[in-house]
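# Chain and residue survey
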Amino acid sequence: MIFRDYGQTGKKVSLLGFGGMRFSHVDDHEECVRMMVAAAEGGVNYFDTAPGYFETKSEIVFGKGFAELRRRNLPYYAATKTFKTTESDIRTEIEGQLKRLDIPAIDFYHIWCITSLDNWQDRKKDGILQTFKKLKEEGLIRHICVSSHLIKDEIRELLMEGVFEGVLFGYSAYNFQTRQEAFDAIRARKLGAVVMNPLGGGIIPQHPELFKFLHRPGDPGEGTVAAALRFLWDHPEISVTLEGFQTLAQVQEALNAINGYQPRTAAELEAVKARADASFEGICTGCAYCDECPQDIPIPQFMDAYNQKLLNSKPGVDPIADRLKWHWQLDKSIAGKCVSCGQCESACTQHINIIERLKEIAG
Ligand code: SF4
Ligand code: SF4
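Residues numbered from 1 in each chain as written. Chains lettered and ligands numbered in written order. Predicted model: local features only at pLDDT ≥ 70, side-chain atom pairs only at ≥ 80, totals over all residues. Heavy atoms only, no water.

### Section: the packing of aromatic side chains
To keep things clear, this is the line we draw: Aromatic contacts are taken between Phe, Tyr and Trp rings whose centres are within 6.5 Å, Trp giving its six-membered ring; a plane angle under 30 degrees counts as stacked, one over 60 as edge-to-face, and the others as tilted. Only protein chains enter the calculation, and the probe is 1.4 Å; a residue is then buried if its accessible area is under 20% of its type maximum, exposed if over 50%, and partly exposed in between. A run of H or I in DSSP counts as a helix once it spans at least four residues, and a run of E counts as a strand once it spans at least two, with each numbered from the N terminus.
Applying the stated criterion across every chain, the model contains 25 aromatic pairs. Taken together, a centroid distance of 6.0 Å and an interplanar angle of 40° make the contact between Phe211 and Phe213 tilted. Looking at Phe213, the relative accessible area reads 3%, which means it is buried. Taken together, a centroid distance of 5.4 Å and an interplanar angle of 80° make the contact between Phe213 and Phe280 edge-to-face. Placement of the pair is Phe213 in the loop between helix H8 (203–206) and helix H9 (224–233) and Phe280 in the loop between helix H11 (266–279) and helix H12 (299–311), with a sequence separation of 67 residues. A relative accessible area of 2% means that Phe280 is categorised as buried.

### Some details on the pairing of strand S6 (residues 106–114)
Rules: Looking down the strands as they point away from you, a crossover is right-handed if its path from the first strand over the helix to the second goes clockwise.
With 9 of 9 residues buried, S6 lies mostly within the body of the structure. For the handedness criterion, the β-α-β arrangement of strand S5 (residues 77–82), helix H3 (residues 87–101) and S6 is classed as right-handed.

### A few points about the side chain of Gln177
Rules: Distance and chemistry together define a polar contact, namely a pair of N or O atoms within 3.5 Å, with one atom able to donate a hydrogen and the other to accept it when in protein, and with adjacent residues in sequence counting only for side-chain atoms on both sides.
Along the polypeptide, Gln177 turns up in the loop between strand S8 (166–170) and helix H7 (180–189). Within the local environment of Gln177, its side chain forms a polar contact with the side chain of Asp277, the two groups lying 2.8 Å apart.

### Here's the deal with the site of ligand 1
The condition is simple: A cutoff of 4 Å decides nearness: a residue is near a molecule or strand if any of its heavy atoms lies inside that distance of it. Polarity classes work like this: nonpolar for Ala, Val, Leu, Ile, Met, Phe, Trp, Tyr, Cys and Pro, charged for Asp, Glu, Lys and Arg, and polar for all others, with Gly in that last group.
Inspection of the region around ligand 1 gives 13 residues, with Cys293, Cys338, Cys341, Gly342 and Cys344 positioned closest. Of the residues contributing to the shell around ligand 1, the split by class is 10 nonpolar, 3 polar and no charged.

### Here we look at H12
Applicable threshold: The span you would expect from a helix comes to 1.5 Å times its residue count less one. Note on definitions: a residue-residue contact is assigned when non-hydrogen atoms from the two residues lie within 4.5 Å.
Between its terminal C-alpha atoms H12 stretches 18 Å, which fits the 18 Å expected from 13 residues at 1.5 Å a residue. Counting buried positions along H12 yields 11 of 13 residues, so the element is predominantly enclosed. Every buried residue belonging to H12 is among Ile299, Pro300, Gln301, Phe302, Met303, Asp304, Ala305, Tyr306, Asn307, Gln308 and Leu311, and all of these are buried. Contacts made by the buried residues of H12 are with H8, helix H13 (319–326), helix H14 (343–347) and helix H15 (354–362).

### Some remarks on unusual backbone geometry
For residues that are not glycine, phi is negative in most cases, and the peptide bond is trans in most cases. Positive phi, close to 60°, is recorded for Asn73, a residue that is not glycine. The backbone phi angle of Asp102 is positive, close to 60°, even though this residue is not glycine. Among the residues examined, Asp102 registers a relative accessible area of 40% and is labelled partly exposed.

### Focus: the sheet that holds S5
Defined as follows: Note on pairing: two strands pair once DSSP finds at least 2 bridges between them. Think of each axis as a best-fit line through the C-alpha atoms, taken over the contacting stretch in the case of a helix, with angles from 0 to 180 degrees between the N-to-C directions.
One closed barrel holds the 8 strands; their spatial order is S3-S4-S5-S6-S7-S8-S9-S10, and the pairing between them is parallel. Pairs of neighbouring strands in the sheet enclose a mean axial angle of 30°, with direction left out of account.

### Brief notes about helix H1 (residues 29–41)
The first and last C-alpha atoms of H1 sit 18 Å apart over 13 residues, in line with the 18 Å expected at 1.5 Å per residue. Taken as a whole, H1 has its buried residues at Glu31, Cys32, Val33, Met35, Met36, Val37, Ala38, Ala39 and Ala40. Contacts made by the buried residues of H1 are with strand S3 (16–19), strand S4 (46–48), helix H2 (57–71) and helix H10 (248–259). Gly43, located one to two residues past H1, shows a positive phi value of around 110°.

### Overview of the site of ligand 2
Lining the immediate environment of ligand 2, one finds 13 residues, of which Cys284, Cys287, Ala288, Cys290 and Cys348 sit closest. When the residues that make up the shell around ligand 2 are grouped by side-chain class, the tally is 9 nonpolar, 4 polar and no charged.

### Let's talk about the environment of Trp233
Along the chain, Trp233 falls in helix H9. In the structure, Trp233 is positioned 217 residues away from Leu16 in sequence and 9.0 Å away in space, judged by C-alpha atoms. Discounting chain neighbours no more than four positions away, the residues touching Trp233 are Arg4, Leu15, Leu16, Thr241, Ala257, Ile258 and Tyr261. A distance of 2.9 Å separates the side chain of Trp233 from the side chain of Thr241, its partner in a polar contact.

What follows is the structure, given as structure tokens:
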């Protein structure tokens, strides 16, 4: 296992982290605990969950897993989150979390899923920072962290606040262009950086043809998943890549991948990134050059949702509406505000017919 600094906290965390959002059988506690033990025996020490994962069942399973890890003298750090904003709501939430997780304090406690800078201002007005600082002074949490799907300059602005010790954000070979700005703040503030969705929510393994740019020239034997993980591990700023394991076999596969990891140079990593645009023809890469819409339509987010239709359709799910609602907290009717001025299409690096796609989304 490779261990990296989590920002300036003094904690060394495993580059491979365990995400508790995808257990295949969350009610089978023995199986879930076996998965946690196997991961910890392989060196994983960062375990991330949330009250919303399986309606608190993930936290309950983690509590059982942590008890077993203690029994076996295996070290671990617990990370979880809260959507609550007022002091009394957060205190009620954390009381339940500590009981479920069966621990006296949460190592990495996240202000969960900042959806916009306005949303961040609203949470601050509710006193969330003062509450988090008090919880830290009282020893109930050890580090103040944030999670967010913000992109571009907005994620940099959020992270430059100077109150956070670490951030959890989506970053992968699929969407890396969207959040390069996060790394400016991570370096400037010396933050711990945990990335979620390392496989683009399943898009990367489903479309190996799109991700050929990740492979080392002359290394055809490397699988797409291993190449996508290596892409992330090659970023020295990333402390942990979280994988939401479904099965014990997946835990073992990921451990094999990290044990066989051979780092690339920074120049090689840049060369890989430069090859991506050619591979992603017709797919929005999240570069946000189009993001100056006079109608204030958040075009990169809408085109990301359209990508889901092209790359990640699931039976019985409207992929665009689902992505807009749950990932971006946006209503698809906003797409109807487009006046076809054409400004965004002239700027689009991938030559996407944005106007047509927005019309289709608006319905
Ligand atoms: S074409 Fe539509 S979406 Fe694009 S910039 Fe103009 S109004 Fe905005
Ligand atoms: S629509 Fe085009 S310009 Fe806009 S974010 Fe996507 S790829 Fe970039």
